[in-house]
2 protein chains.
Amino acid sequence: MIKELNIVKIGGNILNTPALLKQYLKDFSQLKGYKILVHGGGKKANEVCHQMNIIPKMKEGRRITDEATLEIVTMVYAGLINKKIVSQLQALNCKTIGLSGADGNVIYATKRPVVEIDYGFAGDIQTINKELIIKLLNQKLSLAFCSITHNGKGQLLNTNADTIATQLAIVLADDYEIKLQFQFGQKGVLKDANNANSFFENLSQKQYQAHKKTGIINEGMVPKLDNAFQAKHAGVQQINIGETKIV
Amino acid sequence: MIKELNIVKIGGNILNTPALLKQYLKDFSQLKGYKILVHGGGKKANEVCHQMNIIPKMKEGRRITDEATLEIVTMVYAGLINKKIVSQLQALNCKTIGLSGADGNVIYATKRPVVEIDYGFAGDIQTINKELIIKLLNQKLSLAFCSITHNGKGQLLNTNADTIATQLAIVLADDYEIKLQFQFGQKGVLKDANNANSFFENLSQKQYQAHKKTGIINEGMVPKLDNAFQAKHAGVQQINIGETKIV
């Protein structure tokens, strides 16, 4: 019998709203069997940037990670948010270890090549060390990944958390029956941005392409859906964006 | 045959001097067998405090950890410094996982009671989950502990790194032959603060007490030596402060 593995990415307003985070962590802690949580923390990173008089630099929704920004995202994602999440999960009797991609070399990445835009210390995932992940899961540990990776040469890199969740799901799909969820504090992929209850129950790639053309699905949801369909094509068994099922 | 476990605390100027850190990490990576590194990062935490317009508060050499300071030490110790160390160790082929006390509940602490001074979110160690530590070491992983613990109820706490190294050594002394080292960027416990080569080769508790009376040993070295002799009495087999042997 193939074992079930839940991979839950949490982001958006969840990480910045203590009551919401508490609810999502409670839901996560109650999932049965093997489980992995993945998080970023962009909003808190922006706050810390401002407190340190550093202006966050973004390009098409993606962060430009210069050296000072890399220090901040490492502090915020791997330190503050990861350890808060781990300690809160422990309080819910969910035995969890927090990881960056550098820990045990679980996620090896390379610095994104400069084509048109120099994203700085942004990491593109190359290899996931699934043996260690499986060993840790077999110790009855849940894992909480922050969105920091490394290049194997001592350089930390900033990597998109949606992409980490997706790549973990793809790599582990041979070993587990995967349920991949992207939670971002909304009910699902919305049909109408002004109506929080108007989410799609199901979404196929054809429908997604059509709604992207008309602009109903746009901006921040696009990379999330691209990740979701990439996972789908790679054989990930069950994928949800909030309550929207990817079919 | 009892296995050897090296526990190396690094602190002082080492963490703030990249070339020095590199050398100490290289030395650590070349140690044979099981190994644990422990670090704090007070100087970097003070820097970040200043950058965020927060004045670090100290009392008798110990930090007063209010809520804002707790966020900063969590970011700096568990995030920035821990992940830098882990990624540099990985580059030295030393497979390492970074941990706070919250991860897998490895170090459970309680908030220090207010007697004369309110140290804020300072954690006094109550329990070390040695089963998980041994399991991880048996996976041929080295461990890098930062000096953040938790109270099991979702509250992170700031705990002295020397104390963490000492308590780890004491708890694991039944399972391993322990070599406990405190490295702080000096050759050892100095006989003359103005002569970096004037270190004691050996130091017994009697000698320590005598030199403390005369003031030859003072200030920052006192809690370190108190920790060292506590470990000695608890059966830790080999203890060094720099090159000074505790006898």
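These figures come from a predicted structure and were not determined experimentally.

A. Seen up close, the nonpolar core. Counting 90 residues, the largest nonpolar core has Ile36 of chain A together with Ile36 of chain B as its most contacted members. Once you skip the residues sitting within four places of it in the chain, Ile36 of chain B turns out to touch Leu5, Asn6, Ile7, Val8, Phe28, Ile133, Leu137, Leu143, Phe145, Leu168 and Leu172 of chain B. Tyr24 and Val86 of chain A together with Leu37 and Met75 of chain B belong to the second largest nonpolar core, which has 70 residues in total.

B. Up close: the interface of chain B and chain A. On the chain A side, the residues contacting the 40 residues of chain B number 40 residues. Around 3,200 Å² of area is buried between chain B and chain A when both sides are counted, 64% of it from carbon and sulfur atoms. The largest contributions to the chain B side of the interface with chain A come from Met75, Lys83 and Gln139 of chain B, which together make up 18% of the buried area. Across the pair Lys44 of chain A and Glu71 of chain B runs a salt bridge, and its minimum N-O distance is 3.2 Å. Where chain B packs against chain A, one counts 14 residue pairs in polar contact (both at pLDDT 80 or more). Looking at the side of chain B that touches chain A, the elements that each hand over two or more residues are α2 (42-51), α3 (67-91), β5 (96-99) and α4 (130-138) of chain B. The element best represented in the side of chain B that touches chain A is α3 of chain B, accounting for 14 residues. Partitioned by chemical class, the residues of the side of chain B that touches chain A number 15 nonpolar, 17 polar and eight charged.

C. Molecular detail of the relation of the copies chain B and chain A. With an axial shift of 0.0 Å and an RMSD of 0.0 Å, the rotation relating chain B to chain A amounts to 180 degrees. Taken together, these values place the two copies in the relation of a two-fold axis. Residue Gly79 of chain B of chain B places its C-alpha closer to the rotation axis than any other residue of that unit, at 1.8 Å.

D. Molecular detail of the sheet that holds β5 of chain B. Residue and element names in this part refer to chain B. Spatially, the eight strands line up as an open sheet ordered β5-β8-β2-β1-β11-β13-β14-β12, and their pairing is mixed. Edge positions in the sheet fall to β5 and β12 (202-203), since each of these pairs with one other strand and no more. In this sheet, strand β14 (residues 244-246) lies alongside β12 in parallel orientation, the contact comprising two bridges. Bridge pairing in β14 places Asn202 opposite Lys245.

E. Representation of unusual backbone geometry in the model. The phi angle at Glu219 of chain A is positive, at roughly 50 degrees, despite the residue not being glycine. At Lys140 of chain B, a residue that is not glycine, the phi angle is positive and equals roughly 60 degrees. Inspection of the secondary structure puts Lys140 of chain B in the loop between α4 and β8 (142-146). A residue is classified by how much of its surface remains accessible, and Lys140 of chain B, at 73% relative accessible area, is exposed.

F. A look at helix α7 (residues 221-233) of chain B. Residues and elements named next belong to chain B. Compared with an ideal rise of 1.5 Å per residue, which puts 13 residues at 18 Å, α7 spans 18 Å between its outermost C-alpha atoms and is within 8% of the ideal. When α7 is considered as a whole, its buried residues turn out to be Met221, Val222, Lys224, Leu225, Asn227, Ala228, Phe229 and Ala231. Positioned one or two residues after α7, Gly235 has a phi angle of 100 degrees, which is positive.

G. Structural view of the side chain of Gln90 of chain A. As for its placement among the helices and strands, Gln90 of chain A is situated in helix α3 (residues 67-91). Given the relative accessible area of 11%, Gln90 of chain A is considered buried.

H. Structural view of the confidence of the model for chain A. Averaged over all residues, the pLDDT of chain A equals 95, while 100% of them reach at least 70. Overall fold confidence (pTM) sits at 0.96, and the ipTM for the predicted complex is 0.95.

I. Structural detail: the pattern of salt bridges. Residues and elements named next belong to chain A. Within the structure shown, the criterion is met by 18 salt bridges over all chains. Note that Asp162 and Lys9 form a salt bridge whose closest N and O atoms lie 2.6 Å from each other. Note that Asp162 is positioned in helix α5 (residues 161-172) and Lys9 in strand β1 (residues 3-10), a separation of 153 residues in sequence. Here the two residues Asp162 and Lys9 agree in accessibility, since each one is buried.

J. Structural context of the packing of helix α1 (residues 18-30) of chain A against α3 of chain A. Residues and elements named next belong to chain A. The geometry of α1 relative to α3 is characterised by a closest axis approach of 10 Å and an angle of 55 degrees between their N-to-C directions. Overall, the two elements α1 and α3 adopt an arrangement that is oblique. For the pair α1 and α3, the crossing hand works out as right-handed. In contact with Leu21, Lys22, Leu25, Phe28 and Ser29 of α1, α3 contributes Ile85, Gln88 and Leu89. Split into classes, the residues belonging to the contact of α1 with α3 amount to five nonpolar, two polar and one charged.

K. Here's a closer look at the packing of aromatic side chains. Within this structure, the stated rule accounts for four aromatic pairs over all chains. Look at Tyr34 of chain A and Tyr176 of chain A: their rings are 5.4 Å apart centre to centre, the planes differ by 65 degrees, and that puts the pair in the edge-to-face class. Remark: Tyr176 of chain A occurs in strand β11 (residues 176-183) and Tyr34 of chain A occurs in strand β2 (residues 34-39); sequence separation between them is 142 residues. Here Tyr176 of chain A falls in the buried class, since its relative accessible area comes to 0%. Their ring planes at 10 degrees and their centres at 5.5 Å tell us that Tyr208 of chain A and Phe229 of chain A sit as a pair that is stacked. In this pair, Tyr208 of chain A is assigned in helix α6 (residues 205-214) and Phe229 of chain A in helix α7 (residues 221-233), connecting sequence segments 21 residues apart. Here the guanidinium or amino end of Lys111 of chain B rests over the ring plane of Phe121 of chain B, the centre of that ring lying 5.6 Å away. Positioned above the aromatic ring of Tyr119 of chain B, the side-chain terminus of Arg112 of chain B is 4.9 Å from the ring centre.

Parameters at a glance
- Residues numbered from 1 in each chain as written.
- Chains lettered and ligands numbered in written order.
- Predicted model: local features only at pLDDT ≥ 70, side-chain atom pairs only at ≥ 80, totals over all residues.
- Heavy atoms only, no water.
- Core = buried A, V, L, I, M, F, W, Y, C linked by side-chain atoms within 4.5 Å.
- Buried < 20%, exposed > 50% of the residue type's maximum accessible area, 1.4 Å probe, protein only.
- Contact = heavy atoms within 4.5 Å.
- Buried area = accessible area lost by both parts, 1.4 Å probe.
- Salt bridge = Lys/Arg side-chain N within 4 Å of Asp/Glu carboxyl O.
- Polar contact = N/O pair within 3.5 Å; in protein donor to acceptor, adjacent residues only side chain to side chain.
- Helix = DSSP H or I, 4+ residues; strand = E, 2+ residues; numbered from the N terminus.
- Nonpolar A, V, L, I, M, F, W, Y, C, P; charged D, E, K, R; others polar.
- Least-squares fit on C-alpha atoms with pLDDT ≥ 70 in both.
- Pairing = 2+ DSSP bridges.
- Expected span 1.5 Å × (residues − 1).
- pLDDT = per-residue confidence, 0-100.
- Axes fitted to C-alpha atoms, helices over the stretch in contact; angles between N-to-C directions.
- Parallel < 35°, antiparallel > 145°, perpendicular 65-115°, else oblique.
- Left-handed = near helix turned anticlockwise from the far one by under 90°.
- Phe/Tyr/Trp six-rings, centres within 6.5 Å; stacked < 30°, edge-to-face > 60°.
- Lys NZ or Arg CZ within 6 Å of the ring centre and 35° of its normal.

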